[in-house]
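Close look at the chain arrangement
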Amino acid sequence: MSNPTRRRHVLDLDDVDAGEISAILETARSMQEVLGRLIKQVPALRGRTVVNMFFEDSTRTRISFEVAARALSAAVINFSARGSSVEKGESLIDTVRTIEALGADVIVIRHAEAGVPHLVAQAFGGSVINAGDGRHAHPSQALLDLFTIQARFGTIAGLHVVIVGDVTHSRVVRSNLWGLTAMGARVTLVAPATLLGPAAFWRAIWPTVTVTTDLDRAIAGADVVMALRLQQERQDAGLLPSLGEYRRRYAITAERLARAAPHAIVMHPGPMNAGVEITPEVATTAQSVIEAQVANGVAVRMALLYHLAGEA
Ligand code: CP
């Protein structure tokens, strides 16, 4: 496996162009081959230490980064704020410096506050991967979404991707917008006005994006339908009249999915509010690639770790 890029951090996809995304996805395909072997391990990161620092809950991202690092033979430390000196008042930056002194090469960090991974990257001498910061960015999720789309269609360019749900609180949507538009997809964002934000905001950053509150119109002929989780933990009260009203207008149901292209795939970054933004029937239909997204997360995160910390 070659390592064509040598970047230090992955904090978002805003500074990752189509060529670099393609190189990461190609490496992820090689990693997928490794994961298909009886012995799912290569020595690419032997002697390196990856520290997972999750200050916000996670199942998929945390476990898949751990599985990925172990498959590359790295040592893995799972830092938990609870029980650490953070509880005695040690600052985040002092914690990072301590972890560096203890030999960390890569920090994978999730935090509820946007921008924390960027701060950590300034203080840490190794590499930092943003595993999700506030509503800002979730680059490894966007890359595994791109990988999953490319695996199904062979390409991303020219596809119509409809992203529907709690757009305004979603870090997944922001990183996906960088990645999908860089790779030539056409993206439509759909949400109730209170969960969408001003169209001018989205178009100022991503001029090709379409923004609408009308899911039934937007979904017609779509190649990819990506439902987003309703993030009730990040919402102020009063953004929705009721969950029932939200379901009626924005849930991905079998009837709505029938309006998309016959070959359309259904995605969701997880965790799902089944029966709210997506029906259980759609989540498990043959068109759903939700489980493939989770599985692909390991290969894509192996590729990211390899690109940052593997041999040049
Ligand atoms: N998609 C995602 O980030 O899931 P987790 O919160 O379980 O990591």
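Residues numbered from 1 in each chain as written. Predicted model: local features only at pLDDT ≥ 70, side-chain atom pairs only at ≥ 80, totals over all residues. Heavy atoms only, no water.

**Re the pairing of strand S3 (residues 106–111)**
A large share of S3 lies buried, amounting to 6 of its 6 residues. In S3, alternate side chains face the same way, and those of Val106, Val108 and Arg110 on one face and Ile107, Ile109 and His111 on the other are all buried. One ladder, built from 5 bridges, connects strand S1 (residues 49–54) with S3; its direction is parallel. Looking across to S3, one finds that Val51 is bridged to Ile107. Of the strand pairs in this sheet, S3 and strand S4 (residues 127–133) are connected by 5 bridges, and their pairing is parallel. From the neighbouring strand, Val106 faces S4, where its bridge partner is Ser127. Handedness of the crossover joining S3 and S4 through helix H4 (residues 116–123): right-handed. (Buried < 20%, exposed > 50% of the residue type's maximum accessible area, 1.4 Å probe, protein only. Helix = DSSP H or I, 4+ residues; strand = E, 2+ residues; numbered from the N terminus. Pairing = 2+ DSSP bridges. Right-handed = clockwise from strand over helix to strand, strands pointing away.)

**Quick look at the sheet that holds strand S2 (residues 75–79)**
Here 4 strands make up an open sheet; going across it, the order is S2-S1-S3-S4 and the pairing parallel. Two strands close off the open sheet at either side, each with one partner strand: S2 and S4. Across the sheet, the axes of successive neighbouring strands diverge by a mean angle of 15°, strand direction being ignored. (Axes fitted to C-alpha atoms, helices over the stretch in contact; angles between N-to-C directions.)

**Describing the pattern of salt bridges**
A complete count under the given rule lists 9 salt bridges for this structure. Two residues, Arg37 and Glu33, come together in a salt bridge whose shortest N-O distance is 3.0 Å. With a closest N to O distance of 3.8 Å, Asp214 and Arg217 form a salt bridge. Judged by relative accessible area, which is 32%, Asp214 ranks as partly exposed. Judged by its relative accessible area of 66%, Arg217 is exposed. (Salt bridge = Lys/Arg side-chain N within 4 Å of Asp/Glu carboxyl O.)

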